[in-house]
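# Report on the structure
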Amino acid sequence: MTLNHSITHVVNEGDDGGEVTLPGISEGEIVVLRSKRRKKSISAYRQGGRIIISIPARMSKADERSVIPEMIAKIRAQEAGDSPSETLLLDRAVQLLEEFAPEIIQRPKSVNWRAMRERWGSCTSVDATIRISDRLKGAPSYALDYVLFHEVIHLHYFDHGPEFKAALARFPEESRAEAYLEGFEAAERRYMPPAVLPGAQVL
Ligand SMILES: [Zn+2]
């Protein structure tokens, strides 16, 4: 997994002016809610493509800065436990080609998880590399397979023309997978925009 995405969190005006850089986080991925009802407890959970971290309203900025990376690490560790390794993704992409598109002779060189919120996957045919959105960590296998298959057939079909579509349609659970991805996106949109939630800071 690449950790070269980093974002800078600039605290609100009137705060102490500190900054935190969080590695491996894409912009807008982390939302911090300050809750008046919370006394001591901190919670963190996934909501669509975001990690929501709820902290007590009175927590100091210094404590916030130390606790947030811990909570992110905790969520990431949980997700790593139930998401396939990149080696497994690569093997699976090749299996899918052999099973549903045996006419394609190109093979991917690498498949990597990537923090991407706008896309489910991407394929660079010149160097045969594929990236899969980490929003699919923990997704049902038919949805992950569908995105993998979509990207891997781009090694041969560069656009979304009729030949590409015909190949993609050989994936047996295409409509079920589409429904999963649409539902996931709808849930993300419903939650937007986090910036207007009272007390929310978008990192
Ligand atoms: Zn595509």
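Residues numbered from 1 in each chain as written. Predicted model: local features only at pLDDT ≥ 70, side-chain atom pairs only at ≥ 80, totals over all residues. Heavy atoms only, no water.

## Points about the overall build of the protein
A count of helices and strands for the protein gives five helices and nine strands. Along the protein, helices and strands appear, N-terminal first, in the series β-β-β-β-β-α-α-β-β-β-α-α-α-β. By element, 53% of the accessible surface of the protein is carried by carbon and sulfur atoms, the whole surface being about 10,900 Å². (Helix = DSSP H or I, 4+ residues; strand = E, 2+ residues; numbered from the N terminus. Areas by Shrake-Rupley, 256 points an atom, 1.4 Å probe, with all protein chains shown as cover.)

## Observations concerning unusual backbone geometry
Phi at alanine 128 is positive, roughly 55 degrees, even though this residue is not glycine. If you trace the backbone, alanine 128 turns up in the loop between strand 7 (121–124) and strand 8 (129–133).

## Considerations on the packing of aromatic side chains
Under the definition given, this model contains seven aromatic pairs. Ring plane angle 70 degrees and centroid distance 6.0 Å describe the contact between phenylalanine 100 and phenylalanine 171, whose orientation is recorded as edge-to-face. Within this pair, whereas phenylalanine 100 is found in helix 2 (residues 86–100), its partner phenylalanine 171 is found in the loop between helix 4 (162–168) and helix 5 (174–191), the two being separated by 71 residues in sequence. Aromatic pair tryptophan 120 and phenylalanine 184: ring centres 5.2 Å apart, planes at 80 degrees, arrangement edge-to-face. Here tryptophan 120, found in the loop between strand 6 (110–114) and strand 7, pairs with phenylalanine 184, found in helix 5; they are 64 residues apart in sequence, far enough to count as distant. Of the residues examined, phenylalanine 184 reaches a relative accessible area of 15% and is grouped as buried. Counting every residue linked through ring pairs, the aromatic cluster contains Phe100, Tyr146, Phe149 and Phe171. For the cation-ring pair, arginine 135 lies above tryptophan 120, with the distance from its terminal atom to the ring centre recorded as 3.9 Å. The ring of tyrosine 142 has arginine 176 lying over it, and the distance from NZ or CZ to the ring centre is 3.9 Å. (Phe/Tyr/Trp six-rings, centres within 6.5 Å; stacked < 30°, edge-to-face > 60°. Buried < 20%, exposed > 50% of the residue type's maximum accessible area, 1.4 Å probe, protein only. Lys NZ or Arg CZ within 6 Å of the ring centre and 35° of its normal.)

## Description of the side chain of glutamate 151
Mapping glutamate 151 onto the fold places it in helix 3 (residues 141–153). If near-sequence neighbours (up to four positions away) are discounted, glutamate 151 is found in contact with Gly121, Ser122, Cys123, Ile130 and Ile132. (Contact = heavy atoms within 4.5 Å.)

## Concerning the confidence of the model for the protein
Residue-level pLDDT values for the protein average 82, and 80% of them are 70 or greater. Low pLDDT, under 50, characterises residues 1–21; the stretch is placed with 46 contacts to residues that sit more than four places away or in other chains. (pLDDT = per-residue confidence, 0-100.)

## Quick notes on the pairing of strand 5 (residues 50–56)
Summarising burial for strand 5: seven of the seven residues are buried, a large majority. Summarising the sheet, strand 3 (residues 30–35) and strand 5 pair through six bridges and their orientation is parallel. Pairing of serine 35 across the sheet is with proline 56, part of strand 5. Judged from the five bridges that link them, strand 4 (residues 43–47) and strand 5 form a sheet pairing that is antiparallel. Following the sheet pairing, glutamine 47 is matched in strand 5 by arginine 50. In textbook terms, the turn of a hairpin is the stretch between consecutive antiparallel strands, and for strand 4 and strand 5 this stretch comprises two residues, one of which, glycine 48, has a positive phi near 60 degrees. (Pairing = 2+ DSSP bridges.)

## Digging into the sheet that holds strand 6
Strand order in the open sheet made by the three strands is 6-8-7, with mixed pairing throughout. Strands with a single pairing partner mark the edges of an open sheet, and in this sheet they are strand 6 and strand 7. Looking at each pair of strands side by side, their axes are set apart by 20 degrees on average, direction ignored. With five bridges joining them, strand 6 and strand 8 adopt parallel strand pairing. Its bridge partner being in strand 8, valine 111 is matched across the sheet by isoleucine 130. Those strands touched by helix 3 are strand 6, strand 7 and strand 8, and its axis lies near 150 degrees from that of strand 8. (Axes fitted to C-alpha atoms, helices over the stretch in contact; angles between N-to-C directions.)

## A closer look at the side chain of threonine 129
Mapping threonine 129 onto the fold places it in strand 8. Owing to a relative accessible area of 14%, threonine 129 belongs among the buried residues under this scheme. Of the polar contacts made by the side chain of threonine 129, one reaches the side chain of aspartate 127; its length is 2.8 Å. For threonine 129, the contacting residues outside a window of four places in its chain are Ser110, Ser122, Cys123 and Thr124. (Polar contact = N/O pair within 3.5 Å; in protein donor to acceptor, adjacent residues only side chain to side chain.)

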